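Remarks on the overall topology
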Amino acid sequence: VCGIGSNDGLARCWGHAHIGVLGRPSDPDRDSIVAPVLAAPPLRSIVANQSVTCGADLTGRAICWGGGARNRGMRALPDTAAFGPGGLIPWYARTRDGTPPFVVVNGDDNFTCGLTANGEAYCWGQNGQGQLGIGTTEATTDVHRVLAPAPLRALHSVWNSQSQMCAVTTSD
């Protein structure tokens, strides 16, 4: 479980520390303690899953940590969680030039989507069921714009299906 500190914007996580999702090495004696993710910058949104935690930093970049981030095509990602001096080393999504900043990031253990202030959604990761909404079923390590018929105002992933993303359009 993770939340964002109201005073400093830092991610604070607690619970089962499966492959680095808490932003620190697992320690059964300390996993229940709410602690900041020191290696991550201040965030505006956060979503925690079984094998990866992702958020949008204050500049709108998508950032993830945890061993499951490799499924998202994160930059320079190792196969397992990497820990540096301040805890876990976070990884940023590979955006293309011109990708607008994200105001919120959501997803599950296999894919992630970000929503921009103007209602555009961008997704990356596994895509076997077309969950990225990009017109194919091929996985991608790059961020792609979702082919939505209207601007979106909210994203919600169906966590346990690992193959669906739902959104609310501004015309709803």
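As shown above, the structure is provided for reference.
In this report, we go over the structure that sits alongside the text. Note that the structure is a prediction, hence the values are computed from the model and not measured.

1. Some points on the nonpolar core
Counting 12 residues, the largest nonpolar core is built from V47, V52, C54, A56, A62, C64, A93, F102, V105, Y122, W124 and V143. For this core, the secondary structure elements donating two or more residues are β5 (53-57), β6 (62-65), β10 (102-107) and β12 (121-125). If we skip the residues at most four places from it in the chain, F102 touches R44, A56, G60, A62, T95, G114, L115, T116, Y122, W124 and V143.

2. Observations regarding the pattern of salt bridges
Taken as a whole and judged by the stated rule, the model has three salt bridges. As a salt-bridge pair, D57 and R61 come within 3.3 Å of each other at their nearest N and O atoms. Residue class for D57 comes out buried when judged on its relative accessible area of 3%. Across the salt bridge formed by E120 and R145, the nearest N and O atoms sit 3.1 Å from each other. Taken together, the residues span a long stretch of sequence, with E120 in the loop between β11 (111-116) and β12 and R145 in strand β13 (residues 140-145) at a distance of 25 residues. Judged by relative accessible area, E120 falls into the buried class, the value being 18%. Assessed through its relative accessible area of 44%, R145 is described here as partly exposed.

3. Focus: the sheet that holds strand β1 (residues 2-4)
Sheet architecture is open: three strands sit in the order β1-β2-β3, paired in antiparallel fashion. Each having just a single partner strand, β1 and β3 (35-36) make up the two edges of the open sheet. The pairing of β1 with strand β2 (residues 11-13) spans three bridges and is classified as antiparallel. Along β2, the bridge assignment pairs I4 with A11.

4. A word on the packing of aromatic side chains
Aromatic rings considered in pairs are described by the distance between their centres and by the relative angle of their planes. Taken as a whole, this structure holds two aromatic pairs when the rule is applied. Linked through ring pairs, F102, Y122 and W124 together constitute an aromatic cluster.

5. Focus: the sheet that holds β11
Overall, antiparallel pairing links the four strands, which are arranged β10-β11-β12-β13 in an open sheet. Each edge of the open sheet is held by one strand with a lone partner, namely β10 and β13. Taken over all neighbouring pairs, the strand axes of this sheet differ in orientation by 20 degrees on average, direction set aside.

6. Observations concerning the side chain of T116
Within the secondary structure, T116 is located in strand β11. Given the relative accessible area of 3%, T116 is considered buried. A distance of 2.4 Å separates polar atoms of two side chains, one belonging to T116 and the other to N118. Setting aside its immediate chain neighbours within four residues, T116 contacts P100, P101, F102, V103 and Y122.

Thresholds, definitions, all that
What you see as residue numbers is a count from 1 along each chain, following the sequence as written. Local features in this predicted model are restricted to residues of pLDDT 70 or higher, and side-chain atom pairs are both shown and tallied only at a pLDDT of 80 or more, whereas totals for entire chains, interfaces and linings draw on every residue. The basis for every side-chain value is the complete set of heavy atoms in the structure, and neither hydrogens nor water enter the calculation. Only buried Ala, Val, Leu, Ile, Met, Phe, Trp, Tyr and Cys residues count toward a nonpolar core, and they belong to the same one when joined by side-chain atoms within 4.5 Å. When accessible area is computed with a 1.4 Å probe and restricted to protein chains, residues below 20% of their type maximum are described as buried, those above 50% as exposed, and intermediate ones as partly exposed. Strands here mean DSSP runs of E at least two residues long; helices mean DSSP runs of H or I at least four residues long; both are numbered from the N terminus. We call two residues in contact when some of their heavy atoms are within 4.5 Å. Criterion for a salt bridge: a side-chain nitrogen of Lys or Arg within 4 Å of a carboxyl oxygen of Asp or Glu. Pairing between strands is defined by DSSP: at least two bridges between the two strands are required. The pairing test for Phe, Tyr and Trp rings, Trp by its six-membered ring, is centres within 6.5 Å, and the orientation test on the planes gives stacked under 30 degrees, edge-to-face over 60, and tilted for anything in between. As a rule, the C-alpha atoms of each element are fitted with a line to give its axis, helices using only the stretch in contact, and angles between N-to-C directions run from 0 to 180 degrees. Polar contact is the term for a pair of N or O atoms within 3.5 Å; when the atoms are in protein, one must be able to donate a hydrogen and the other to accept it, and sequence-neighboring residues count only if both atoms are side-chain atoms.

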